[in-house]
Amino acid sequence: MEEPNFPPLPGFIPLKPCFYQDFDEIPEHHRSMCKKMYHLWILNSATLAVNLIGCFAWMFGGGGVTNFGLAIIWLIMFTPCSYVCWFRAIYKAFKSDSSFNFMQFFFVFMAQVAISIIQSIGIPGWGVCGWLATLSFFSYNIFIALIMLVPTIMFTAVASLSFIALTRIHNYYRGSGASMSKAQEEWTTGAWKSPHVQAAAQQAAMGAAAGAMLDQSPSPQYNDNQI
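Enquirer: Before we go on, may I ask you to explain the packing of helix α3 (residues 99-121) against helix α5 (residues 142-175) in this structure?
Expert: Helix-helix packing: each pair is described by the crossing angle between the helix axes and the interaxial distance. The geometry of α3 relative to α5 is characterised by a closest axis approach of 9 Å and an angle of 155 degrees between their N-to-C directions. Put simply, α3 runs roughly antiparallel to α5. Crossing handedness for the pair α3 and α5: left-handed.

So, in C-alpha cells, the structure goes:
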C-alpha cells in the first residue's frame, strides 16, 4: 500500500500526511481533467484565504466582527472538507472508473457550486466579500471596498469554473454508459472500496480505451479549453 504523501508537511510538524496522491496513477485520458480539478481546489482555498483578508479590512472599516469570524470558519472548515469530500471523490472516480465515486462527487460538488454562487453574491453577515457587500461598501470607504473586490472577483471565478467543470464531467459520465444502478451495485457489493476490484476496473478501462484507438473510434475526451 502506498505511503501517504499529501498534504506535504514540514518535518518539524508532529503530523503526517493523510492521503496518497500521484497523478501518474490516473489514466491518461482523465489525467488532465483531474489536475484541473486539483487546481480548482487550490483556487477555492486561496479565495477563502483572500476573503479572510477582505473581511478583516471590512471589519476595520466598521463592517462588524461577525463577518471576520465567519470568514475564519469558512477557511478552516471548507479547505480540508472540500478536498476530502469532492476532490478525493473525483480523484478516485477517475482512477478506478467508479460509478459510486462519481455519484459521491456529483452530490457534493453540486452543493459546492451552490455555495460558490452564494459566496459570489455576498450576502452581508455571511462572512464573505461578495458583490452585494462590496458594492454597498463603496459609499463608506472606497479603499476598503477595493480590497473586498479582490475576493469578490475570485469567488465569481470559482463559481464559474466550478459550474463548467461540473458540466464537463457530467457530460463524460453520461457518455461513458455509467448509471445510478451501477453505483448502487458497487455500494452493495463493496466494489467501490476494494483495491483489487478498482485495479481490475482501471485495467479494463485502459484496455477499452486502447481497443477503441485501434478501431479508430475516439475514446471519451475532454475539451482542450482551460476551465
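Here the narrative resumes, following the displayed structure.
Enquirer: Explanation requested: the confidence of the model for the protein chain in the structure shown.
Expert: A residue-level look at the protein chain finds 77% of positions with pLDDT of 70 or above and a mean pLDDT of 83. In this model, residues 207-217 is a region of pLDDT below 50 whose contacts with residues beyond four sequence positions or in other chains number 2 contacts.

Enquirer: Help me understand the packing of aromatic side chains, please; the structure alone is not making it clear to me.
Expert: By convention here, two paired aromatic rings are described through the distance between centres and the angle between planes. For the structure shown, the criterion picks out 22 aromatic pairs. Their ring planes at 45 degrees and their centres at 5.1 Å tell us that Phe102 and Tyr173 sit as a pair that is tilted. Placement of the pair is Phe102 in helix α3 and Tyr173 in helix α5, with a sequence separation of 71 residues. A relative accessible area of 1% means that Phe102 is categorised as buried. Among the aromatic residues, those joined into a cluster by ring pairs are Phe6, Phe19, Phe23, Tyr38, Trp41, Tyr83, Phe87 and Tyr91.

Enquirer: Even after reading the chapter, I still don't get unusual backbone geometry, so can you show me in this structure?
Expert: For residues that are not glycine, phi is negative in most cases, and the peptide bond is trans in most cases. The amide bond that connects Phe6 to the next residue, Pro7, takes the cis arrangement and shows omega of 0 degrees. Relative to the helices and strands, Pro7 resides in the segment before α1 (28-63). The phi dihedral of Asp97 is positive, around 55 degrees, even though this residue is not glycine. Tracing the sequence through the fold places Asp97 in the loop between α2 (65-96) and α3.

Enquirer: Can you help me understand the nonpolar core in this one?
Expert: Taken as a class, soluble globular proteins show a tendency for nonpolar side chains to be buried jointly. Ranked by internal contacts, the top residues of the largest apolar core, which has 27 residues, are Met37, Phe87, Ile90, Phe102, Phe105, Phe109 and Ile169. Going through the elements one at a time, α1, α2, α3 and α5 are the ones with two or more residues in this core. By residue number, the principal contributor to this core is α2, which donates 8 residues. Look past the residues within four positions of Ile90 in its chain and what remains in contact with it is Met37, Phe102, Phe105 and Ile169.

Enquirer: Is there a simple way to think about the pattern of salt bridges in this case?
Expert: Where charged atoms from two side chains of opposite charge come close, those side chains can pair. Taken as a whole and assessed by the stated rule, the structure comprises 1 salt bridge. Glu25 serves as the salt-bridge partner of Lys95, at 3.3 Å between the closest nitrogen and oxygen. With Lys95 in helix α2 and Glu25 in the segment before α1, this residue pair connects regions lying 70 residues apart in the sequence. Note on Glu25: relative accessible area 16%, which makes it buried.

Enquirer: Teacher, can you tell me more about the packing of α1 against α3 here?
Expert: The geometry of α1 relative to α3 is characterised by a closest axis approach of 13 Å and an angle of 35 degrees between their N-to-C directions. Where α1 crosses over α3, the handedness of that crossing is left-handed. Where α1 approaches α3, its residues Met37, Leu40, Asn44 and Leu48 are matched on the opposing element by Phe105, Phe109, Gln112 and Gln119. Grouping the constituent residues of the contact of α1 with α3 by class yields 5 nonpolar, 3 polar and no charged.

Enquirer: Would you explain the state of the cysteines in this entry?
Expert: Disulfide: a covalent bond formed between the sulfur atoms of two cysteine residues. Taken as a whole, this structure holds 0 disulfides when the rule is applied. Cys55 carries a free sulfur, and the closest cysteine sulfur to it, the one in Cys129, is 3.8 Å from it. Here Cys55 falls in the buried class, since its relative accessible area comes to 0%.

The rules behind the values
Residues numbered from 1 in each chain as written. Predicted model: local features only at pLDDT ≥ 70, side-chain atom pairs only at ≥ 80, totals over all residues. Heavy atoms only, no water. Axes fitted to C-alpha atoms, helices over the stretch in contact; angles between N-to-C directions. Helix = DSSP H or I, 4+ residues; strand = E, 2+ residues; numbered from the N terminus. Parallel < 35°, antiparallel > 145°, perpendicular 65-115°, else oblique. Left-handed = near helix turned anticlockwise from the far one by under 90°. pLDDT = per-residue confidence, 0-100. Contact = heavy atoms within 4.5 Å. Phe/Tyr/Trp six-rings, centres within 6.5 Å; stacked < 30°, edge-to-face > 60°. Buried < 20%, exposed > 50% of the residue type's maximum accessible area, 1.4 Å probe, protein only. Core = buried A, V, L, I, M, F, W, Y, C linked by side-chain atoms within 4.5 Å. Salt bridge = Lys/Arg side-chain N within 4 Å of Asp/Glu carboxyl O. Nonpolar A, V, L, I, M, F, W, Y, C, P; charged D, E, K, R; others polar. Disulfide = S-S within 2.5 Å.

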